[in-house]
Structure formats: structure tokens, C-alpha cells
Amino acid sequence: SLIISKLASLQPTVFWTLCVISCFGFKLETSLLRLLQGSSLLPEGGFNLVSLVEGGFVELYGSVVTFTHDLIQQHVYEKMLVHQRQTLHLDIGTFLAAKTTLDSALAYQSIEAGVERLYVCDGEVEQDDDCSISILPLSGIATSQINKAGPEFICDRTQRIRFAGWNLRAANESAGKSNFRAALYYCKNEILFLGNNPWLDETCLLSVELHEGAAFALLALGNAKDVAQYANAIIDCENVAFEQSIVAQNMLIRSLETLGHYGPTIDKGLAVLRRLNFDIPAAPSPVIVLQAMVQTSNIASQYKLLDNSPSLSSFTPRAKVIHPKQKSILKIIDSVAVACFVSTSPYLPLVACATVIYSLQQGIFHCEESSSAFAIFGYFKVFLEGKFDEGQQWGKLAITILANSTNGNASVRARMYLFGFLYFWYISPSETCRRLHETYAIGMRCGDVDSAMYALFLDWKCQFFGGEKLSIVQANYVEYLKSITKYSKELSKHYVLYKINLNELIGISDEDPFSVLEGTICNEAELLEHAKLEKYSPLIEAVHLSQFLSAFWMGDFTKAMESSNDILMQPSSKMLKLQSIYYTFYRGIVAYRLFREGHGEHFLEEGNAVLSKVQSWRQTCGHVENKVLLLQAEYFASKCNRNAAKEKYEAAIKSARDHGFLHERGLAYECMGKYFSSIVEISEAKQCFRQAHECYVQWGALGKAEQIWRDHGLDQNNSKFDQGTTKHERECDDVIWMA
């Protein structure tokens, strides 16, 4: 208050300097003041910061001038008349803009074009909810000053159109630096400058670009629900042709997908694609899908893209420069593909086939957007036709394209498809995790938050199933949870289910994984009911998978098989996923065990079917070797071939050790111990259980290790239990020993 009272005694020229500074907010760089030196905006003698500092009005921190209190800045700013403030902002903005290229024709590029020029590196750029637009280039500062003057202060329409163009340029620059909040700010101001009717002929194109920019910035910020407002403004405008609305169609479809409205995403996307003359049948069937796969393979063979070790140089000469419309079409297909995949729609292989053919025939198969289709088509080569070699070739083609990519934004989903759903067959789990985490980092950098979150979820899931130390898995769960719950409520529902399994393995019993859902869903039963009510097959499958994993690791194989059968009833379970390797493997062990416990011959047949399937994966997928060997051991155990079973158990243990799968080495020891117990080789069984216990402890599964210890009587004073000792008797002996 004392300092504010001193303002009245300042000379007019000194006070005016404070007024100019206050127009920039609480602080500004001294370099900006130097730019204004000599202009009519400052007194003839220039600015004298010394007197302002001595008076206690401002402070100097290196090259930054700040008001000593925000109330001083507010008082100085509000001391000016409204018209005076607006005039000063306008004068500052136009003066600074003269030192930039804001009026250059190069300014008018799309927001997404700015993002696509980004050089993407590893690492994440955080978007703070409270971040301002204070750290901006000179063009952005000049435009912000114009915006503070306000469109209502500028009556001349030509000038308003000019300033709208400045906002587009500033938005483009901000998006290019991953400052999507600033980009959205500029786009919204640009709309205001165009007035109540921005769709007139002279401003229609500019209006389209600014609405596209606002929609894209909203998507990048994770605010998908507001995208429709801007996208539909373009789509519904009579002055905008369908061809000009392709980008807006893409944004709208992408927002529907992000919000989890997968049915509308597919319906809207297919309607747009059919309007673009894509041949996608109205009623897909297995016969139609297989015919489309064959046709696509035949067309692709003419381009010789799948020759041995293809490189980008081998087909670049035939490639053409991709048109923006073609890119937008590929992005629409990309969004439809995600919705189809999540909802297990039968349209997915047809969409992939149509995209591959479109990319080849248009000569744009070299672009990053096409790599998504190649990865998905490779996936269906594996899933529908069982052709792992061809699937790998399509995956390599996608990798080749992505390796030469300079467009990080377009590559994010392609990487997510590639490493999350196809290429994990051909590389180790640790390499899959590394690639997926890299995809997450690129996605956050480029604003593709949805794909980034899915990649992060797949990264964690691969750690969990792949045998990473559970202490690391637990720490990463806590870290990843912050982002997943912030950006994807739907994905959070899947994520918490795995925490149930993780807690059981580690031995945590006093934690509620569902608390992160903020009371909307409180337990597993409510989540299952919610999924059934929504008729959302993937989430129903996820709940039953969680129940299966709990029963499997805790040794309740009857319940495990019941949960497994519930999984198989879901349409989504038919599609191969990262966890399919492990779930199928575990189901085979359960089937063989139930057969040996006398539950029926059909379980032997089920076990043999699983063994046959996993064996078919072995040539391509090197990290299933130990799984095949353990299933073979279980087969020989079921056929009462003791020597062959022992040999395979030992081979499975060695293979798991060689691959670094500590959890599956423990599982092999446990299975071997249970087999020896069943044939009354108690000493050998005890040794196996002790080895299993040691592996589980090293893995970090203390809950599982404790179960092994207690269920098989591994306490120190009771290492030579008689074979006939019951679990109840062992527990009584435990109590006596502890006493």
C-alpha cells in the first residue's frame, strides 16, 4: 500500500514506463524493453529502470524485470482507461510484429503441420494445467498484445482478418514446440477476430484452418469432449466442400474414439470411407475377410515390398509426395482401426486390407501413416492365417518406414500397433518394453496422448507378464498410474485389475486398487457388472483374466479353468494380444493338472491342443521355448512317463534361466515338485518346492513364496514330512513349531 501510494508522485514519463511494462503482465525480459527503445511507446529519453528499482516498484533478476508485488502491476494497469489500455496493447503488438514475419504468406500452415515438423527425441514434455503462454517467441508476444486489445476494439475487417492470420501463425509455432495450451489460446482468439460470420468466402479457408487447429490442440491436451464443437462447425458448413472437411472428419472421429465411443467411431469412419469410394462390405463374414486378405496379398506381391530385407531405398523411387488429403484419409482409417481393435469389430481386417491397397495404388506406401496399416495387416497374417514369417515381413516393412520417419506424430500409433500387437512375437519382452516406452515418450511429445497412454499400459503389462522384478513392476505401476488415471479413465479400469494380481503375488492385502476410480466402481464384481451393462467385451475379458491369474498363481486350478472358459466366451478373446502367449501357456498347465487329478479325459485333449498351439509359435517366437518344454513335461507327466517328464522339466528350468524368466523358472520347479509329490517322490518334490520358493522370492512374489512354503511344509524343523501328511496336519505342526 505504501509503494502504491508513491505512484502518484512519479513523473508522468516514469509512470508511463510502468504502464508499458504492466501490459506484459507481472514480468518481462529487458530485451523486450530494448526493442521498444526509440519508439513512440516509451518516453524520448527511453526507460530508466534504476529509478523504478530504487522506488521499490520493480526488481531486476538478471535479464528479467518483475513487479515487486502483483497488486502493484494490477494497480498500474487498471489506472489506465480501458481505451488507453487497448490502444497501448495494439501499438505494442503492431510495433513488435514489424520485427517478425507474421505477415509472411508462409504463416498460413495448419497446427498439425507444425507438429509434424517437430524433431522428436526421447523423453516426455509435461503439460501443466496452469501453464501460461509467457514463454513465447516474439511473434507470439506480439500476437498476445493484439489479443489483449481485443477484436471489439478493431473495427476494420481487413485488420481483423490480418490479426486472425497472426494468431494462426502463433498457434502453429506454439504447437511446433508442444505448447498446445498456447496453440488453443491463439486459435480461440483467431475465431473471435473473424467475427460472427467467419465462413464468408474471403475468410472461409482461414476459418477452416483455425477450427482444425483448435480441435487438434484440444485432442493434444486430452480434452476430447470439446473437439466436436470445432470439427462439426466445419463439417456442417455449407461453404465447405466434403473434400475440405476431411481433416475435421478425422478430428471428430479421433475424439469419439478417445472418449471410448467405439461404435459411433466405426459407423462415422466407415461412412466417410465409403463416401471416399473405399470398397468395404456392409456385412463382413469370415469368407469375405479371407478373400480380402488373399486379394491384398496378391496386389502387394506386385510391388515386391516384401523381398528379403527390404530397405526404404528399394522403393522410394516409385513413391510420390503425399497430398495432405491422403494423409487425412489415412488418419481417419487409423482412428477407425483403433476403435475396431478395441471393440473387436469384424471390420478391422477389412479396414486394414483397404488401407494397404489404397497406400499401394496411390503410391504413398512410404509414408508414416501407411505403416499403421502394414503393421495391422501383418497382425492378421499371424492371427487369421498363422503365417508368422509374412507377419514379420510386414512388420519389418513398417519398421523400415518408421526408421526413416521425421514425422513423430504420425508414427506414434504405428509404433503402438507394431510393438504392442505384432512384433512382440519376434523380440524379447525387455526389448518390447523399451520400444513401447519409447512410443509413449514420442506420443506425449507430439500430443497423441491416447496412443501414448495405451503404449504405457502395454509397456507395464509386458513387464508384468515378462518376468520383470516385481519391485520394479510395483514402482512403475505407481508412476504410470498418475498419467493413466489423468488421461484415460477407461484404461484405468483395465489397469487396476492387474494391481489385484500384483498385490496377491507380492503379498499386499491392505490396499484397495479401486480407490483410484474415485468411488465410481469399488470392487471387481461392480466392474464386471459395469462392463456387462456396457456390453464391453474387452473389459469383461479383462475381469475374467484377472480372476484367472489370481486362481492360477494361488493354485486353485478348478476356479482357474472356470475363469478361462469365461474368457473364451468373449469375442475379444479370439484376437491375439500380448498376454495371449502367457494366458494360453497357463491354461495348458491347468488343463494337464486337472486331467491328472481325475477331472476328465477332455482336459488331456485341451492340454494337447494348447501344446500344439504353443509349439507352432516356437520357430518364430524364441522366448516361448521354455513354455513349450514345460508343457511337454506336463504332457509326459500326464502319460505317466516319469523319465521323459523329468528331462523336460529340467530342460524347461534351464531354458527359463537362459532367457532370464525368473518367474517361469519358479513355475517349472513348482510343477515339477507337484508331479514328484503325486508319484510319492517326496524328497525330490521338497527340493523342487524349495527351489521354486527361492525363485519366487527373488522375483519379488513374497505372497506366492509364502504359499509354497506353507502348502508344502518347507519349515526348517519339518523338511522330511511323510507323504501322507495332510495340509491341516502341517499347519498344526507349524503352530507348534512357532510356539
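Going by the structure above, here's the rest.
The paragraphs below set out a description of the structure included in this document. (Residues numbered from 1 in each chain as written. Predicted model: local features only at pLDDT ≥ 70, side-chain atom pairs only at ≥ 80, totals over all residues. Heavy atoms only, no water.)

## Regarding the packing of aromatic side chains
Move 1: Within this structure, the stated rule accounts for 43 aromatic pairs.
Move 2: When the centroid spacing of 6.0 Å and the interplanar angle of 80° are considered together, the rings of F457 and Y495 count as edge-to-face. Separated by 38 residues along the polypeptide, F457 in helix α23 (residues 449–466) and Y495 in helix α25 (residues 489–506) bring together distant segments of the chain. In terms of burial, F457 and Y495 fall into one category: buried.
Move 3: A connected cluster of aromatic rings, assembled from ring pairs, spans F421, Y454, F457, W460, F464, F465, Y477, Y495, Y498 and Y582.
Move 4: For R275, the ring lying beneath its charged end belongs to F242, and the centroid distance is 4.0 Å.
Move 5: Between K674 and the ring centre of F557, over which it is positioned, the NZ or CZ distance is 5.6 Å. (Phe/Tyr/Trp six-rings, centres within 6.5 Å; stacked < 30°, edge-to-face > 60°. Helix = DSSP H or I, 4+ residues; strand = E, 2+ residues; numbered from the N terminus. Buried < 20%, exposed > 50% of the residue type's maximum accessible area, 1.4 Å probe, protein only. Lys NZ or Arg CZ within 6 Å of the ring centre and 35° of its normal.)

## A word on the side chain of H211
Move 1: The topology assignment puts H211 in helix α11 (residues 204–220).
Move 2: Residue class for H211 comes out buried when judged on its relative accessible area of 7%.
Move 3: Once you skip the residues sitting within four places of it in the chain, H211 turns out to touch I191, W199, Y230, A233 and I234. (Contact = heavy atoms within 4.5 Å.)

## As for the pattern of salt bridges
Move 1: Taken as a whole, this structure holds 27 salt bridges when the rule is applied.
Move 2: A salt bridge links R618 to E625, with the nearest nitrogen and oxygen atoms 3.5 Å apart.
Move 3: You can call R618 partly exposed: its relative accessible area is 32%.
Move 4: Assessed through its relative accessible area of 27%, E625 is described here as partly exposed. (Salt bridge = Lys/Arg side-chain N within 4 Å of Asp/Glu carboxyl O.)

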